[in-house]
Amino acid sequence: MMLFQRNTEYVRNFLVSTSSGVQNNPIAYGPGSIINGSLMITLDDKPLSAYSIRVIFKCEEQDNARNTATIFSIESVIWGKPKESGADAQELSNGSHMFLFAIRLPQVNYPPSMHDSPFGHRISYTLQGVFDTVTTTHVTSTVPIIYLPLVTCNSNTLNETSKKTQVFEKEDTKIEVTAELIKPAYCPGDLCTVKMTTNNKSDTKISSIQVLLAAVATTLPPTDSVSAPYVHKQHTLLTESFYVSIPKQAQNHQDIFRFTIPSDIVPTFTNKLGKYIDIAYEVIIIMGSSNNNSSSWFGTYVANEISLPITIATVPPAYPIGFTVHENIHAELPSFIPNIESPLPSPVHYPADRAYSVSPSHSFQIKDDLDEDDFSLNRQDATGHLMVPDSIRRISSGSDISDTTLAANSLSRIETVSH
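Everything numeric here is computed off the predicted structure, so don't read it as measured data.

**As for the overall build of the chain**
Okay, step 1: The number of helices and strands found in the chain is one helix and 27 strands.
Okay, step 2: Classification of the 419 residues of the chain by burial places 46% in the buried group.
Okay, step 3: Here the contacts in the chain between residues at least 6 apart in sequence split such that 71% fall between residues at least 24 apart.
Okay, step 4: On the chain, roughly 21300 Å² of surface is accessible, and the fraction owed to carbon and sulfur atoms is 48%.

Next up, the structure:
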């Protein structure tokens, strides 16, 4: 569904779009990615004098106190010249126009997109179109972009696991527990496996345990604080109870526990670009519970837990990565790709009955007999460039409707807002 706002300058449609995937499988961008997008505008009745059409790509963060700060903001003029340059206004002809653009992300890790996280910290990436006319400025609604940093295990830790042995002692008896994760890192949605080996040198049977997945957020205190240099807050994201049967005096008793990593959590990451925040995760095993005999045995302990650090990655541990990211010590920014720097020119196909041109920084004009659904032009070639479809749906005078070649990916469509 497309919603638009009509105004006195006859700007009927004004929207910016990019490939966003489907609802349950959205597209995420990362280091080295190229964001391909399009900006579409339709003018009614007559041409319009304007200075420029711009696309803005922005990253903003919001802390617990709802203070908003900009991590970066870049823009590109895809038609005309900026008003600040002193150039005269140009005339944009009436009808429908599409402008293509591409943004290259540097091979550095930016902080992950964070929206409804338990940390109270929000990070958002957005695209927005701006149309500067002689008399006013029109802007599109913002289009969210999902960004994930490259987080994985290096080759030196592929064969390592998170493992810990804890000895619980009471008088002359002891229970020795060794817990380990079978992989060094897991991705959101993965099935996490915990192996536990117990040497129960007591006369107490252990019948249940709890497994927790917790996130630990480390931030800097307020500038006027005299407390510790860092503030640590733990958030329990998942709790699973498991029934076990560990007999008295058991030796090398083994149990396996599995739980699913939530699919909506952000990866392990330390953000140094804006406000400092470190996000780490751990699997916590709690021995005994309040409804079994082992609870009284463990009840004398201040802590009856075993904590295992776990890395939440964006790439599986053994997945081959063809490039590496480097520390963003020079504050590298994304960049719009001009024609001359495009790795390969966007392919242009000219059907016999059409007359338009397309490139990453030019527009094509669509004939007036197309309906609004014809804006769904988003096929891409192997290089990631947008392609002009081979055929476009058109309603002829005899009401014959031809098939349309449309993209497999839908476009994010937005509402026009005028200032």
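We are not done yet, so read on.
**Some details on the packing of aromatic side chains**
Okay, step 1: The full count for this structure, using the stated rule, is nine aromatic pairs.
Okay, step 2: Considering the side-chain rings of F101 and F336, the 6.4 Å spacing of their centres and the 55 degrees angle between planes classify their relative orientation as tilted. Of this pair, F101 sits in strand β9 (residues 95-104) while F336 sits in strand β23 (residues 335-336), and the two are 235 residues apart along the sequence.
Okay, step 3: For F101, a relative accessible area of 3% translates into the label buried.
Okay, step 4: Look at F336 and you get buried, because its relative accessible area is 14%.
Okay, step 5: Put simply, the rings of F57, F72, Y110, Y125 and Y147 pair up and form one aromatic cluster.

**Overview of unusual backbone geometry**
Okay, step 1: Positive phi, normally seen in glycine, also occurs at Q249, with a value near 55 degrees.
Okay, step 2: Mapping Q249 onto the fold places it in the loop between β18 (231-246) and β19 (253-260).
Okay, step 3: In this structure Q249 comes out as partly exposed when scored by relative accessible area, which is 43%.

**Some points on the sheet that holds strand β13 (residues 163-170)**
Okay, step 1: Taken together, the four strands give an open sheet; going across it, the order is β13-β14-β16-β19, and neighbouring strands pair in antiparallel fashion. Because the sheet does not close on itself, it has two edges, and the strands there are β13 and β19. On average, each strand axis in the sheet is tilted by 20 degrees relative to the strand beside it, whichever way the strands run.
Okay, step 2: Sheet topology places β13 next to strand β14 (residues 173-181); eight bridges connect them, and they run antiparallel. Note on β14: the bridge partner recorded for K163 is E180.

**Here's the deal with the pairing of strand β6 (residues 48-62)**
Okay, step 1: Counting buried residues in β6 gives 12 out of 15 residues, a clear majority hidden from the surface.
Okay, step 2: Summarising the sheet, β6 and strand β8 (residues 90-92) pair through three bridges and their orientation is antiparallel. Counted as the bridge partner of A50 is Q90 from β8.
Okay, step 3: Pairing geometry for β6 and strand β10 (residues 122-133), over 12 bridges, is antiparallel. Paired with E60 across the two strands is S124, which belongs to β10.
Okay, step 4: One ladder, built from 11 bridges, connects β6 with strand β7 (residues 68-80); its direction is antiparallel. Paired with F57 across the two strands is I74, which belongs to β7.
Okay, step 5: Where β6 hands over to β7, the hairpin turn is made up of five residues, of which R66 adopts a positive phi near 65 degrees.

**Topic: the confidence of the model for the chain**
Okay, step 1: When pLDDT is averaged across the chain, the result is 75; 69% of the residues are at 70 or more.
Okay, step 2: Within the chain, strand β27 (residues 416-418) has the poorest average pLDDT of any element, 38, and β19 the best, 95.
Okay, step 3: Residue range residues 1-7 is modelled with pLDDT below 50. Its contacts to residues more than four positions away, or to other chains, number 21 contacts.
Okay, step 4: Below pLDDT 50 for its whole length, residues 340-419 participates in 176 contacts with residues either more than four positions away or in separate chains.

Calculation notes
- Residues numbered from 1 in each chain as written.
- Predicted model: local features only at pLDDT ≥ 70, side-chain atom pairs only at ≥ 80, totals over all residues.
- Heavy atoms only, no water.
- Helix = DSSP H or I, 4+ residues; strand = E, 2+ residues; numbered from the N terminus.
- Buried < 20%, exposed > 50% of the residue type's maximum accessible area, 1.4 Å probe, protein only.
- Contact = heavy atoms within 4.5 Å.
- Areas by Shrake-Rupley, 256 points an atom, 1.4 Å probe, with all protein chains shown as cover.
- Phe/Tyr/Trp six-rings, centres within 6.5 Å; stacked < 30°, edge-to-face > 60°.
- Pairing = 2+ DSSP bridges.
- Axes fitted to C-alpha atoms, helices over the stretch in contact; angles between N-to-C directions.
- pLDDT = per-residue confidence, 0-100.

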